[in-house]
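Structure at a glance
Spelled out, the chains give:
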Amino acid sequence: MFQRVFMAVPVMLACLFLAGCFPTDLTGVRADGGQIKAMFYPGGNRLDDLVIVDGRNYFGKGQYQMDDPLADVGFRFKDGMRVQAECSRTGKDIMGAEECTEYTVYRSDFPPIPEGTRFARPEMF
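Residues numbered from 1 in each chain as written. Predicted model: local features only at pLDDT ≥ 70, side-chain atom pairs only at ≥ 80, totals over all residues. Heavy atoms only, no water.

Once that is clear, we can look at the environment of Lys-37. Within the secondary structure layout, Lys-37 lies in strand S2 (residues 35–41). For the pair Lys-37 and Phe-119, spaced 82 residues apart in sequence, the C-alpha to C-alpha distance is 9.7 Å. Apart from residues lying up to four places away in sequence, Lys-37 is in contact with Leu-26, Thr-27, Ile-52, Val-53 and Asp-54. (Helix = DSSP H or I, 4+ residues; strand = E, 2+ residues; numbered from the N terminus. Contact = heavy atoms within 4.5 Å.)

Written as structure tokens, this is what we have:
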């Protein structure tokens, strides 16, 4: 009996740790009208952030300000490439405060996400 309980503990812990790994889905439209689907996984302090585009993994660090809902956002890849986007459309959140509802890429040296690509505000879950 105790052996079964002790064997179940690691499995339960693994499930709890993995339950926090929800991606942020990103849907974008390139300047040529093509659609981009990507996922962002925050890595935290010790791990790099992860962006998955077209089934390929790219590691680096997301660049955003938690306390400014209208600030620019970006991603710096491990190899030095960058994608930066600015708020191009605003709206109101459920509390009536202004927030960004669309971002437009104004700088990119990452070919899968070219300049002019527009992304809707990501939904957290």
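Turning next to the state of the cysteines. All told, the structure shown has one disulfide when counted by the stated rule. A sulfur-sulfur separation of 2.4 Å characterises the disulfide bridge that pairs Cys-87 with Cys-100. Residues Cys-87 and Cys-100 are joined through a disulfide that is right-handed, its torsion about the S-S bond being 110°. Of this pair, Cys-87 sits in strand S6 (residues 82–92) while Cys-100 sits in strand S7 (residues 98–108); the two residues are 13 residues apart in sequence, bridging distant segments of the chain. (Disulfide = S-S within 2.5 Å.)

The next thing to look at is unusual backbone geometry. With phi around 55°, Asp-54 is a residue other than glycine that occupies positive phi space. With respect to the helices, strands and loops of the structure, Asp-54 is situated in the loop between strand S3 (49–53) and strand S4 (56–63).

Now for the confidence of the model for the protein. Overall, the prediction assigns the protein a mean pLDDT of 83, with 81% of residues at 70 or greater. Note that residues 1–19 has pLDDT below 50 and, in this model, zero contacts with residues that lie over four places away or in other chains. (pLDDT = per-residue confidence, 0-100.)

Moving on, we come to the packing of aromatic side chains. All chains considered together, the criterion is met by five aromatic pairs. With centroids separated by 6.3 Å and ring planes inclined at 85°, the aromatic side chains of Phe-40 and Phe-75 adopt a geometry described as edge-to-face. Separated by 35 residues along the polypeptide, Phe-40 in strand S2 and Phe-75 in strand S5 (residues 73–77) bring together distant segments of the chain. Exposure remark for Phe-40: the relative accessible area of 13% places this residue in the buried category. Clustering of aromatic rings is evident, with ring pairs tying together Phe-40, Tyr-58, Phe-75, Phe-77 and Phe-110. (Phe/Tyr/Trp six-rings, centres within 6.5 Å; stacked < 30°, edge-to-face > 60°. Buried < 20%, exposed > 50% of the residue type's maximum accessible area, 1.4 Å probe, protein only.)

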